[in-house]
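One-letter residues, chain by chain:
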Amino acid sequence: MENKKKSVNQFNAQRWSIFITAAFFLLAWQGAVLVFHLPAFILPTPLHVANRALRALSDGSLLRHTATTLVEVLSGLFAGILFAAILGYFLSRSTFLENILQPFLVASQAIPTVAIAPLLVIWFGPGIFSKILICALIVFFPVLVNIVVGIRAVPDNLRDLMRSMHADRWQTLRLLELPAALPVLLGGLRIGATLSVIGAVVGELVGANRGLGFLINVGRGQYDTALVFVGVFTLVIMALSLYGIVLWLEKHLLRWQD
């Protein structure tokens, strides 16, 4: 009962801290516009941005572009996690394979995604596939590293116990390695969830005819700064929502740790 009350108090404190931070941010924003007499095409007021968001919602453009970006983000996140999980498992079980692939994996991370995004758009076209590919690439490495670290962190005595019980490889993975690696894996998933949003927007800014990145490009070209802010805030909400979903998964999947 005491733990439940403590959790409720922590949740209320977190909610109030978010509300206070948001209010302070909006007041500082409004104050900067008034003090420096900034025109709307440089820095619109919060009310101006809210009105522009309502207009974009009423004509359906914001929902349409948000849906496109969300599909790209979720598809890229799923693909990146899937391939990272498969390769990460084999790398964790084979030092030889890791020694062969590690230089290529590290070198791939030395190349900024922004630099290769134009090439991917040229090779695979400006459609949705190139955006999913960019998302998957940017998610792949952090999730891969966390999977390898998590599986290798399983104590040897527990592996010996599974062998003494004649468990096959699938049973060892399902009953031992996956639960043991889950905390580290979900930590990598937190990073991947936010990075996937960045990957989708990078691809849309390079070349697209729909999506929030495209909407931001339209606002920039028309000096509609309020529309740019609408697109940016929508991306922030999307990233925070994905991050919150991962936290919810951690809370429920790692309940056994308590």
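In what follows, the accompanying structure is described.

Further remarks concern helix α8 (residues 169-206). An ideal rise of 1.5 Å per residue puts 56 Å on 38 residues; α8 reaches only 44 Å between its terminal C-alpha atoms. Leu182 marks where α8 bends most, by close to 55 degrees; the proline Pro183 follows one to four residues later. Structurally, the start of α8 carries an N-cap: the backbone nitrogen of Trp170 is 3.3 Å from a side-chain oxygen of Asp168.

Turning to the pattern of salt bridges, a few remarks are in order. Scanning the entire structure with this criterion turns up 4 salt bridges. A salt bridge links Arg52 to Asp224, with the shortest nitrogen-to-oxygen separation between them at 2.9 Å. Separated by 172 residues along the polypeptide, Arg52 in helix α2 (residues 46-58) and Asp224 in the loop between α9 (212-221) and α10 (225-253) bring together distant segments of the chain. You'll find Arg52 and Asp224 in the same group, each marked buried. With its nearest N and O atoms 2.9 Å apart, the salt bridge here joins Glu177 to Arg93. Note that Glu177 is positioned in helix α8 and Arg93 in helix α3 (residues 61-93), a separation of 84 residues in sequence. Residue Arg93 is classed as partly exposed on the basis of its relative accessible area, which comes to 40%.

Conventions adopted
- Residues numbered from 1 in each chain as written.
- Predicted model: local features only at pLDDT ≥ 70, side-chain atom pairs only at ≥ 80, totals over all residues.
- Heavy atoms only, no water.
- Helix = DSSP H or I, 4+ residues; strand = E, 2+ residues; numbered from the N terminus.
- Expected span 1.5 Å × (residues − 1).
- Bend = angle between axes of the 7 residues up to and from the residue.
- Polar contact = N/O pair within 3.5 Å; in protein donor to acceptor, adjacent residues only side chain to side chain.
- Salt bridge = Lys/Arg side-chain N within 4 Å of Asp/Glu carboxyl O.
- Buried < 20%, exposed > 50% of the residue type's maximum accessible area, 1.4 Å probe, protein only.

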